[in-house]
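If you want the building blocks of each chain, they are given just below.
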Amino acid sequence: MNDLAYFKSNSSAEAIAQVAADEQSRFIGGGTNIIDLIKYNLFFPSSLVDINGLKKEIITKTDDGILIDAFAKNADLAYHQTIEDQYPLLSKAILAGASPQIRNMATNGGNLLQRTRCYYFYDANTPCNKREPGSGCSALNGYNRNMAILGTTEHCIAVFPSDMCVALAALNASVHIAGPNGNRILQFADFHRLPGDTPHLDNNLQHGELIIGIELPNRGFNKYYSYLKLRDRNSYAFALVSVATALEIERDAITEARIALGGVAHKPWRIGEAEAFLKGKSPTRANFSLAADIILEGAKGYGFNDFKIGLAKKAIIRNCMMALDPSSQLPGAQPSL
Ligand SMILES: Cc1cc2nc3c(=O)[nH]c(=O)nc-3n(C[C@H](O)[C@H](O)[C@H](O)COP(=O)(O)OP(=O)(O)OC[C@H]3O[C@@H](n4cnc5c(N)ncnc54)[C@H](O)[C@@H]3O)c2cc1C
Ligand code: SF4
């Protein structure tokens, strides 16, 4: 039996001070990931600091967009009228994730910090550089069907499993952080890390730092958008490949293109060169196919996951075509009435 202290915090400052003071202390939001990690004996926190008491309005208006409350639940965000109307790509992506029960518990901040679902990471009896730096990567020559094809190193080929974050990447979100040394804002592209030779670090948050909000710029892409999640089962399964597409089109020319991929890398994957290529072009299958080639440049399979390269290419093309008519998106969890 492991001793574990539990505190319920009512202010950010108090929560930050409690976690920052102890390397083995952690925040707990919905607990849908951290409790699993404890149950699997993957780490042993000395204390959990509950931050659910910090909940505010789900959404507040800012000068340039909206600020999403980090402590609000995934389901409340996905079904918020502003999100459904102005940022439907985000709503669709959240509703493609997990199950209704989990979305009712999981918080928006916690979603950014969930850990990989690599089988070997969860099996404490196998070598894993993410769990124990320097021990080796069992997935490299193991059963790597779910693993990454982009941005990998020999140190780690795990993928980051979030759906919500793929949409946040496409929408140019930024992350508002409070910490023991003050507040800061990180652009979404700079939040998560590639494995490099430090695969144990998933993101650039420091110990004791608390995500307090996620900001979205005004541009929500509610006319041409689509989220496609390809997986082994139609619900309650992580993505093999997912794609968030957001387009702006004027007189048959693309004026803005955003394409972010999930399930293929250690972080949501976006390639500016492909988006720039589409600018000024007609929204045709042929042009989307050329953009997909650019996105997948350098993709590398590890045996069991070789199929993901072709799958990702087809998923990008299909999702861009569906974005032209969002009502053609594959059915997922339904929006509120
Ligand atoms: C069976 C199952 C299936 C799932 N399927 C999917 C899926 O298909 N797609 C998908 O995207 N997700 C899926 N999930 C993951 C789920 O979405 C995440 O577990 C959830 O979003 C995490 O949020 P939480 O609030 O429960 O985090 P917690 O478990 O409470 O915390 C996770 C981590 O974040 C830290 N933390 C939490 N909040 C903050 C904060 N505000 N600031 C700083 N640190 C914080 C905690 O200390 C901890 O390290 C699934 C989960 C399960 C169990
Ligand atoms: S892919 Fe990463 S998480 Fe999986 S075993 Fe290798 S080092 Fe560990």
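Only a predicted model underlies this, so the values are computations on that prediction, with no experimental measurement involved. (Residues numbered from 1 in each chain as written. Chains lettered and ligands numbered in written order. Predicted model: local features only at pLDDT ≥ 70, side-chain atom pairs only at ≥ 80, totals over all residues. Heavy atoms only, no water.)

Enquirer: Is there a simple way to think about the site of ligand 1 in this case?
Expert: Taken together, 33 residues are adjacent to ligand 1, and Phe-27, Gly-29, Thr-32, Thr-107 and Asp-163 come closest. Within the backbone of Gly-29, an N or O atom sits 2.7 Å from an oxygen atom of ligand 1. Here an oxygen atom of ligand 1 and a side-chain polar atom of Thr-32 are 2.7 Å apart. Contact with the protein chains removes 92% of the 980 Å² of surface that ligand 1 exposes when unbound. The set of elements that each furnish at least two residues to the shell around ligand 1 consists of β2 (25-28), α2 (34-39), α7 (108-112) and β8 (210-217). In terms of residues, the shell around ligand 1 owes the most to one element, β2, which gives three residues. (Near = heavy atom within 4 Å. Polar contact = N/O pair within 3.5 Å; in protein donor to acceptor, adjacent residues only side chain to side chain. Areas by Shrake-Rupley, 256 points an atom, 1.4 Å probe, with all protein chains shown as cover. Helix = DSSP H or I, 4+ residues; strand = E, 2+ residues; numbered from the N terminus.)

Enquirer: Just checking my understanding: could you explain the domain arrangement of the chain for this structure?
Expert: How large an interface is tends to be reported as the accessible area lost when its parts come together. With domains assigned, the chain is organised as domain 1 (5-52) and domain 2 (225-328). Taking only C-alpha atoms into account, the centre of domain 1 sits 36 Å from that of domain 2. (Domains from an automatic or database assignment.)

Enquirer: How do you make sense of the sheet that holds strand β3 (residues 47-50) when you look at a structure like this?
Expert: With respect to topology, three strands assemble into an open sheet ordered β1-β3-β2, the strand pairing being parallel. Every interior strand has two partners, whereas the edge strands, β1 (5-8) and β2, have only one. When strand polarity is set aside, the average angle formed by the axes of neighbouring strands in this sheet is 25°. Direction of pairing for β1 relative to β3: parallel, over a ladder of four bridges. (Pairing = 2+ DSSP bridges. Axes fitted to C-alpha atoms, helices over the stretch in contact; angles between N-to-C directions.)

Enquirer: Just to check I follow, could you spell out the sheet that holds strand β5 (residues 65-69) for this structure?
Expert: As a general point, the strands of a sheet are linked pairwise by backbone hydrogen bonds and lie either parallel or antiparallel. Judged by pairing direction, the sheet is antiparallel, and its five strands sit side by side in the order β4-β5-β8-β6-β7 without closing on themselves. In this open sheet, the two strands that pair with only one neighbour each are β4 (59-61) and β7 (182-187). Across this sheet, the average inter-strand angle for adjacent strands is 25°, counted without regard to direction.

Enquirer: Is there a simple way to explain the UniProt feature "domain: FAD-binding PCMH-type" (unreviewed entry) in the chain in this structure?
Expert: UniProt's entry tags residues 1-221 with the feature "domain: FAD-binding PCMH-type" (unreviewed entry), counted in the numbering of this structure. Secondary structure over residues 1-221 splits into 25% helix and 18% strand, and the C-alpha atoms at its two ends are 50 Å apart. (UniProt positions renumbered as here; feature names shortened; annotations may be inferred.)

Enquirer: I would appreciate a short explanation of a nonpolar patch on the surface in the present structure.
Expert: On the surface, Tyr-119, Tyr-143 and Phe-304 cluster together into a nonpolar patch covering about 300 Å² of accessible area. By the element assignment, Phe-304 lies in the loop between α11 (285-295) and α12 (307-323). (Patch = residues over 30% accessible without salt bridge, like charges linked within 9 Å, V, L, I, M, F, W, Y side chains within 5 Å. Salt bridge = Lys/Arg side-chain N within 4 Å of Asp/Glu carboxyl O.)

Enquirer: Could you clarify how one ought to interpret the nonpolar core in this entry?
Expert: Nonpolar side chains in soluble globular proteins generally cluster together in the buried interior. In terms of nonpolar packing, the biggest core is built from 40 residues, with Leu-89, Leu-90, Leu-112, Leu-168 and Leu-216 touching the most fellow members. Listed by contribution, the elements that provide at least two residues to this core are β5, α3 (74-78), α5 (88-95), α9 (164-170), β6 (174-179), β8, β9 (224-230) and β10 (241-250). Looking at which element gives the most residues to this core, the answer is α9, with seven residues. Other than its neighbours up to four places away in sequence, Leu-168 contacts Leu-90, Leu-112, Ala-173, Phe-188, Ile-214 and Leu-216. In this structure, Ile-149, Leu-261, Ala-274 and Phe-288 belong to the second largest nonpolar core, which totals 30 residues. (Core = buried A, V, L, I, M, F, W, Y, C linked by side-chain atoms within 4.5 Å. Buried < 20%, exposed > 50% of the residue type's maximum accessible area, 1.4 Å probe, protein only. Contact = heavy atoms within 4.5 Å.)

Enquirer: Is there a simple way to think about the side chain of Asp-50 in this case?
Expert: Considering the arrangement of structural elements, one finds Asp-50 in strand β3. When residues no more than four places from it in sequence are discounted, the contact partners of Asp-50 are Tyr-6, Phe-7, Lys-8, Ser-9 and Ile-28.

Enquirer: Explain the packing of aromatic side chains to me, please; I cannot follow it from the model alone.
Expert: We describe a pair of aromatic rings using the distance from one ring centre to the other and the angle between the two ring planes. Evaluation of the coordinates by the stated rule reveals five aromatic pairs. Centre to centre, the rings of Tyr-40 and Tyr-122 are 5.3 Å apart; their planes meet at 75°, and the pair counts as edge-to-face. Highlighted residues: Tyr-40 in the loop between α2 and β3 and Tyr-122 in helix α8 (residues 119-122), separated in sequence by 82 residues. On the accessibility criterion, Tyr-40 (44% relative accessible area) is partly exposed. Overall, the relative accessible area of 11% leaves Tyr-122 in the buried class. Their ring planes at 65° and their centres at 4.9 Å tell us that Tyr-143 and Phe-304 sit as a pair that is edge-to-face. Note that Tyr-143 is positioned in the loop between α8 and α9 and Phe-304 in the loop between α11 and α12, a separation of 161 residues in sequence. (Phe/Tyr/Trp six-rings, centres within 6.5 Å; stacked < 30°, edge-to-face > 60°.)

Enquirer: Before we go on, may I ask you to explain α5 in this structure?
Expert: Working note: α-helix, 3.6 residues per turn, so residues spaced by three or four point in the same direction. Among the eight residues that make up α5, seven are buried, leaving the element largely enclosed by the rest of the structure. Along α5, the residues that are buried comprise Pro-88, Leu-89, Leu-90, Ser-91, Ala-93, Ile-94 and Leu-95.

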